[in-house]
Amino acid sequence: MREYLLTLCITAAVTYLLTGPVRKFAIVAGAMPEIRARDVHREPTPRLGGIAMFFGLCAGLLVADHLTNLSEVFEKSNEPRALLSGAALIWLIGVLDDKFEIDALIKLGGQMIAAGVMVMQGLTILWLPIPSVGSVALTQWQGTLLTVALVVITINAVNFVDGLDGLAAGMVGIAAAAFFLYAYRIWYSYGIEAAAPATLFSAILMGMCLGFLPHNMHPARIFMGDSGSMLIGLVLAAGAISITGQIDPDALKLFAGSEKAAVHQTVPVYIPLLLPLTIIAVPAADLILAIVRRTWRGQSPFAADRGHLHHRLLEVGHSHSRAVWIMYFWAALIAFGSLAYSVNSASMWIVLGVVILSAIGLVLLLLPRFTPRAPMWAQRFVPPRYRRRRPVLAGPMEPAEAEQRTPVAVGVAGVNGATALGARSRVPERRKAETSR
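Within every chain, residues take consecutive numbers counted from 1 along the sequence as written. Only residues with pLDDT of at least 70 are given local features in this predicted model, and only at 80 or more are side-chain atom pairs given and counted; all residues enter the totals for whole chains, interfaces and linings. Hydrogens and waters are ignored; side-chain quantities use all the structure's heavy atoms.

## Overview of the pattern of salt bridges
What counts is decided by this rule: Salt bridges, as used here, are contacts in which a Lys or Arg side-chain nitrogen is within 4 Å of a carboxyl oxygen on Asp or Glu. Under the scheme used here, helices are H or I runs from DSSP no shorter than 4 residues and strands are E runs no shorter than 2 residues, and both carry numbers assigned from the N terminus. When accessible area is computed with a 1.4 Å probe and restricted to protein chains, residues below 20% of their type maximum are described as buried, those above 50% as exposed, and intermediate ones as partly exposed.
Tallied over the entire structure, the rule returns three salt bridges. The closest approach of N and O atoms between R47 and E101, which form a salt bridge, is 3.6 Å. Taken as a pair, R47 in the loop between α1 (2-29) and α2 (50-65) and E101 in the loop between α4 (79-100) and α5 (104-120) lie far apart in primary sequence, 54 residues in all. The partly exposed category is assigned to E101, whose relative accessible area is 47%. Residues K107 and D97 are paired through a salt bridge, measuring 3.7 Å at the closest nitrogen-oxygen approach. Pair noted here: K107 is in helix α5 and D97 is in helix α4, with a separation of ten residues, a long-range link. Considered together, K107 and D97 belong to a single accessibility category, that of buried residues.

See the structure below:
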């Protein structure tokens, strides 16, 4: 665990320290697009934050390669090299898009090529665990198509949700934390070394998100851009592919008692391949709704609009920060709920807790429609938005009341028609004249 924490801290530190210089470089390079109709920020903000995140990824892999226990991951598996190759390709495409805004179909082709590069180096799905059936071996073409589809879906799900300050980095960081705990449990509790690459990937991904968040929280000083959103989406997909398609349920049945029981224990991991990705279920749902909405309107599925979940939260009446925290809440509920279910699927307390938290989440969603008002005796103890406003009666005022409310600075008529303000303004002039005499 200490080596994972060291890798996480190094990745976060490198990402955090490089984000400032990258911001200055983005301004000089002109990577500050004009504000579009779908944007929620009001001032041009530099992008290319993915540059710092990519170098954080490289630093994390380099440090892990020189640590005693984590170096075995590089010796026994080619997956870290496959991840670095695919990440470099998708990062380069994202940088070009942040600067020149390349066509959506070209980006889609680049995503498929990056996924293919990882498949060629061994990061692919070999078999698929299915409930009540067991593990089903996949042919080379089936594994390749399923791997490419999962990578493309995850990348675009994260890219679509990147619409508010700190939203994508925070949600992916939450998913990576839950994923790390699950993969670490499989490796050290069950002694399955095939889970080691996924554990390392999730630790590095957490560091990338934590290092970038301080610069990206509202009001954001820099955006990660496509170079960052597609990068963290690919790293997240690589972890899911590694732990789902590489771990044989036969290895787990030694601890579960049977192969079917072992398959059921992997539910929170292989569900991502079918739904996809419970750990990013909110971005995935946003992606599906966006495709349906745009296709129904006769638009391209890649055409941008203001119909995403975070846009709807702002339209309901939530503030920018509150909308982000609500999305964090739902992401954490789904990710850690799946994690708790994997630990003890027979506990009704877990289901009850998820139901209660879901009810709280629904209340938070509707909070602008039911803004509470504090009683009169508690007015001074609550924020201004919860205080009762006293009605102001607008009507004709009596002459005496009008004279009382007339400010002195406006001018009250005095002797010889001079105003009090005018008389006061002449006092310094008289004193200057007497002094000169």
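## Brief notes about the packing of aromatic side chains
What counts is decided by this rule: Side-chain rings of Phe, Tyr and Trp, where Trp is taken by its six-membered ring, are said to pair if the distance between their centres is within 6.5 Å; with planes under 30 degrees apart they count as stacked, over 60 as edge-to-face, and otherwise as tilted. In this scheme, Lys NZ or Arg CZ marks a charge over a ring once it lies within 6 Å of the ring centre and within 35 degrees of the ring normal.
Inspection of the entire model under this criterion finds eight aromatic pairs. Where Y4 meets F180, the ring centres are 5.6 Å apart and the plane angle is 75°; that geometry is what we call edge-to-face. Residue Y4 is found in helix α1, and its partner F180 is found in helix α7 (residues 167-190); the two are separated by 176 residues along the sequence. In this pair, the class of Y4 matches that of F180, namely buried. Among the aromatic residues, those joined into a cluster by ring pairs are Y4, F180 and Y184. K99 extends its terminal NZ or CZ atom over the ring of F100, reaching a point 6.0 Å from the ring centre.

## Side note on unusual backbone geometry
Along the chain, H218 connects to P219 via a cis peptide bond; the corresponding omega equals -5°. Positionally, P219 belongs in the loop between α8 (196-216) and α9 (225-245). Of note in the backbone geometry, E101 takes a positive phi value of approximately 55° without being a glycine.

## Section: the nonpolar core
So the rule is basically this: Among buried residues, those of type Ala, Val, Leu, Ile, Met, Phe, Trp, Tyr and Cys that are joined through side-chain atoms within 4.5 Å constitute a nonpolar core. The contact rule is simple, with two residues in contact once any of their heavy atoms fall within 4.5 Å.
Counting 85 residues, the largest nonpolar core has L200, L205, L231 and L234 as the members making the most contacts within it. Ranked by the residues each element gives to this core, the list is headed by α7, at 15 residues. Excluding residues within four positions of it along the chain, L231 makes contact with G50, M53, F54, L57, A87, I90, M208 and D226.

## What to know about the side chain of N216
Formally: Contacts described as polar in this section are N or O atom pairs within 3.5 Å, which, within protein, must combine one atom able to donate a hydrogen with one able to accept it, while residues neighboring in sequence count only if both atoms come from side chains.
Locating N216 in the fold gives a position in helix α8. You can call N216 buried: its relative accessible area is 3%. For N216, the side chain forms a polar contact with the main-chain nitrogen of G166, separated by 2.8 Å. Leaving out residues up to four positions away in the same chain, N216 has contacts with D165, G166, I222 and F223.

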